[in-house]
Amino acid sequence: MIASLEEIAADLDGAGLDSADVRQVAAVAGRERAVLDEVTEPRPLPGDLWTVNCLLDLAGAEPVITGVLDFDRAWFGAPDADWTIRMATARNDERTAFRETYGTPDRSPAARWRSRIYEARHLGALRLERLRPGKADVVAESYQAMAAVLADLT
């Protein structure tokens with residue numbers, strides 16, 4: 001996680017964006033590494049799993065994922081660190097069916113702290129994603145969102 005944050009910060013620097021907030025999160029994560037290390041069994045995380053990246057077997061009684069496309073964002077980590085999980089839990093709408101099947105998230109203080117680190121990682125990555133198509137307004141908003149995360153962490 002720390003390396004990922006540092007890589008995102010380097011990419012932000014390379015793109016000419018301010019990376020200080022992402023570097024601050026990496027430093028906080030480094031100081032509290034033991035909380036991150038409580039996750040002892042990293043899992044493969046697709047990083048961009050959503051409907052258009054899923055191949056389905058439609059012949060069955062219910063859709064079954066038979067393949068996944070667009071694995072350039074795949075990595076290993078805590079399941080709750082994955083973008084897909086973030087988006088599946090972002091709103092209380094039809095996505096609640098996902099949570100009912102996937103299970104109740106860990107709400108311990110350590111898990112909530114990790115979730116803030118994961119959110120910072122997502123925000124840093126989104127900053128880069130929004131820069132590419134020239135969405136300067138969304139890039140600017142990411143600094144405010146990251147400041148809120150940092151305030152929760154410090």
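Structure first, text after, so check above.
What counts as what
- Residues numbered from 1 in each chain as written.
- Predicted model: local features only at pLDDT ≥ 70, side-chain atom pairs only at ≥ 80, totals over all residues.
- Heavy atoms only, no water.
- Salt bridge = Lys/Arg side-chain N within 4 Å of Asp/Glu carboxyl O.
- Helix = DSSP H or I, 4+ residues; strand = E, 2+ residues; numbered from the N terminus.
- Buried < 20%, exposed > 50% of the residue type's maximum accessible area, 1.4 Å probe, protein only.
- Core = buried A, V, L, I, M, F, W, Y, C linked by side-chain atoms within 4.5 Å.
- Contact = heavy atoms within 4.5 Å.
- Axes fitted to C-alpha atoms, helices over the stretch in contact; angles between N-to-C directions.
- Parallel < 35°, antiparallel > 145°, perpendicular 65-115°, else oblique.
- Left-handed = near helix turned anticlockwise from the far one by under 90°.
- Nonpolar A, V, L, I, M, F, W, Y, C, P; charged D, E, K, R; others polar.
- Expected span 1.5 Å × (residues − 1).
- Arc of directions from axis to C-beta.

Draft legend 1. Here's a closer look at the pattern of salt bridges. Applying the stated criterion across every chain, the model contains six salt bridges. For aspartate 152, the salt bridge identified is with arginine 116, shortest N-O distance 3.2 Å. Linking aspartate 152 in helix H7 (residues 136-153) with arginine 116 in helix H6 (residues 109-131), this pair joins segments that are 36 residues apart in sequence. Residue class for aspartate 152 comes out exposed when judged on its relative accessible area of 53%. With relative accessibility at 25%, the residue arginine 116 sits in the partly exposed group.

Draft legend 2. Structural view of the nonpolar core. Core analysis: the largest hydrophobic core is formed by 29 residues, its most contacted members being Leu5, Val22, Val25, Leu36, Trp113, Ile117 and Leu153. If you list the elements that add at least two residues to this core, you get helix H1 (2-14), helix H2 (20-31), helix H3 (33-36), H6 and H7. Examining the composition of this core, we find that seven residues originate from one element, H6, more than from any other. Ignoring anything within four residues of it in the chain, the contact list for valine 25 reads Leu5, Ile117, Ala120, Met146, Leu150 and Leu153.

Draft legend 3. Spotlight on the packing of H2 against H6. Orientation of H2 relative to H6, taken along the N-to-C sense of each, is 155°, at an axis distance of 10 Å. One way to sum up the angle between H2 and H6 is to call them roughly antiparallel. In this structure, the crossing between H2 and H6 has a hand that is left-handed. Two secondary-structure elements touch here, H2 through Asp21, Val22, Val25, Val28 and Ala29 and H6 through Trp113, Ile117, Ala120, Gly124 and Arg127. Taken together, the residues of the contact of H2 with H6 break down into seven nonpolar, one polar and two charged.

Draft legend 4. Spatial organisation of the environment of valine 22. Mapping valine 22 onto the fold places it in helix H2. In this structure valine 22 comes out as buried when scored by relative accessible area, which is 1%. With 98 residues separating them in the primary sequence, valine 22 and alanine 120 have C-alpha atoms 7.1 Å apart. When residues no more than four places from it in sequence are discounted, the contact partners of valine 22 are Leu5, Ile8, Ala9, Leu12, Gly124, Arg127 and Met146.

Draft legend 5. A look at H2. Here H2 contains 12 residues, and its C-alpha end-to-end distance of 17 Å stays within 8% of the 16 Å for a straight helix at 1.5 Å per residue. Within H2, burial applies to Asp21, Val22, Val25, Ala26, Val28 and Ala29. When H2 is viewed along its axis, its buried side chains cluster within an angular range of 160° and face the same direction.

Draft legend 6. A look at H1. Taking 1.5 Å of rise per residue, 13 residues should cover 18 Å, and H1 covers 18 Å from first to last C-alpha, within 8% of that figure. Considered for burial, the residues of H1 that qualify are Ile2, Ser4, Leu5, Ile8, Ala9 and Leu12. Along the axis of H1, the buried residues cluster in a sector spanning 165°; they form a single face. Pointing more than 90 degrees away from the buried face of H1 are the exposed residues Glu7 and Gly14. Against the buried residues of H1 lie H2, H3 and H6.

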